[in-house]
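Tertiary structure, described
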Amino acid sequence: MQKTLGSAVSIDRRRHTTVGGLGNGVKPVLITREQRKDPAMGSHSTWSYVVFIVLVFSIATDVSGQTAAIFDRVNAHEFHPLNEDGSFTSDRVLAKHGVSDLANDDWKVRLLAIRDLTRSLPQQLDAVVAGLEHNDPHVRQIAAAALGIARQKEAASALQRVLEADPMALVRSQAAMSLGQLESVESLELLRQFFERDKSRDVRHQCELAIDQIEKRLGATEAQLAAFRALDEASFEQVQVGQLAPDFTLSDSEGNPWQLSRAGNGKWTVLIWIFADWCPVCHGEFKELMSMKKEFDEANAVVATIECHDLYRCRLMVGKEKDAAYWFSKTSFQQKYLRSVWWPHLSDLAGRVGAQYGVDPMSFAVHAEYVNRPSTIIIDPEGRVRLTYYGTFWGDRPSLHETLEMIKSEEFGFEHPRRLK
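A few points on the structure.

Let's talk about the pairing of strand β9 (residues 385-390)
Strand direction decides the pairing type here: strand β8 (residues 375-379) and β9, joined by five bridges, are antiparallel. Counted as the bridge partner of Ile378 is Leu387 from β9.

As for unusual backbone geometry
Note that the residue after Leu121, namely Pro122, is joined by a cis bond; omega there is 5°. Tracing the backbone through its elements, the reader meets Pro122 in the loop between α4 (106-120) and α5 (125-130). One non-glycine residue, Glu183, lies in the positive phi region at around 55°. Counting through the fold element by element, Glu183 comes out in the loop between α8 (169-181) and α9 (188-197). Of note, Asp360 is a non-glycine position whose phi angle comes to about 55°, a positive value. Structurally, Asp360 is set in the loop between α17 (352-356) and β6 (364-366). Of the residues examined, Asp360 reaches a relative accessible area of 2% and is grouped as buried.

Notes on the pairing of β8
Across the five residues of β8, five count as buried, placing the element largely inside the fold. The side-chain alternation of β8 yields two buried faces, one formed by Ser375, Ile377 and Ile379 and the other by Thr376 and Ile378. As paired strands, strand β3 (residues 268-273) and β8 are joined by five bridges and run antiparallel to one another. Bridge assignment links Trp273 to a residue of β8, and that residue is Ser375.

Observations regarding the nonpolar core
In this structure, Leu111, Leu132, Leu163, Leu191 and Phe228 are the most contacted members of the largest nonpolar core, which totals 60 residues. Ranked by residue count, the leading element in this core is helix α6 (residues 137-149), at eight residues. Beyond its immediate chain neighbours, meaning those up to four positions away, Leu132 contacts Arg140, Ala143, Ala144, Leu147, Ala158, Leu159 and Val162. Counting 40 residues, the second-largest nonpolar core is a separate cluster that includes Val99, Leu209, Ala276 and Phe364.

Remarks on α6
The terminal C-alpha atoms of α6, which comprises 13 residues, lie 18 Å apart, in line with the 18 Å expected from a rise of 1.5 Å per residue. Among the 13 residues that make up α6, 13 are buried, leaving the element largely enclosed by the rest of the structure. The first or second residue beyond α6 is Arg151, which carries a positive phi of 55°.

Reading the values: the criteria
- Residues numbered from 1 in each chain as written.
- Predicted model: local features only at pLDDT ≥ 70, side-chain atom pairs only at ≥ 80, totals over all residues.
- Heavy atoms only, no water.
- Pairing = 2+ DSSP bridges.
- Helix = DSSP H or I, 4+ residues; strand = E, 2+ residues; numbered from the N terminus.
- Buried < 20%, exposed > 50% of the residue type's maximum accessible area, 1.4 Å probe, protein only.
- Core = buried A, V, L, I, M, F, W, Y, C linked by side-chain atoms within 4.5 Å.
- Contact = heavy atoms within 4.5 Å.
- Expected span 1.5 Å × (residues − 1).

If you want it as structure tokens, here you go:
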């Protein structure tokens, strides 16, 4: 407790110097000029010390209280259950991987908790690190995610302990991702060890990527942190069929801006939110799409794939970073992707656009990472949304050929036969 109080106070005093206020909703104790002159009040230095102690206690209490409230909110929420090692979410009613209820708000609780924790850092570092030892794995995962996004390098040793000891693959996986985001050079040897020996292949994969991020100095960016801190729930789930699609700009895998209204001006536009580089279904969709450029051109349609990750992970998906090993493929994707990916692959930082478009970032766990619903949005040449299709697990959205047929026929009544209900 003493360590927490002392750390919180020293950090908040620096914040006071920077922004001209105590922050965290703390109101200073005011002393009148007459009180300072009154002998009954004691010496000025003594009174200042008393006031300082009151402020120290108030700030520290408020700091720990804010973080505790975030963790309590997560702990109290009834999430859809995880399997034994925390690799996959199962629908609580159907007992199948995924989440069938499109109105479910598990994703929103996670996303906003990470937002609020990143806003609290670095002022509340000790309190957030304490969340890594919470008895709720959802709290531990969210705390680890926030520490990585906010690049809290002081948390590296605590994240190493999570990677070594946490019983849930989901949490160990997140710890590995966060160490990569921190560019934690001192964690390289441990990551190499767990790349070889962790019992979860999903954790081993995240260790492999974290090592690459650290060695290349390609950790979390200020842009990603700013995107999380700026998330506004009032903007979530605004897209409706028949209405104009909200315009947005995202960066492609080369960091170039891609704007919806400019790219889709007078053309059909297909937006496809995928999972990540470890997803075999996503690679299957890429294989299908690589052979269809001429068909989409002839249909006057543009395509963009979108990933709710920072730039490093998006570049990885299209072969522009490490040529990673994948359990589901004996051959490399890298050279083929570098030659044949003809469409822009976009980085949706913090899932901001996905949340606006109803894609539910962090909806459920797949291969020990929380991911968005696999979603397809079709927008007509006038900019109106014609289809919003949100998957219930990893394999229940229209294929690229089915998507193209909908554009050609302008009939959008699609439902996947394996959709969870």
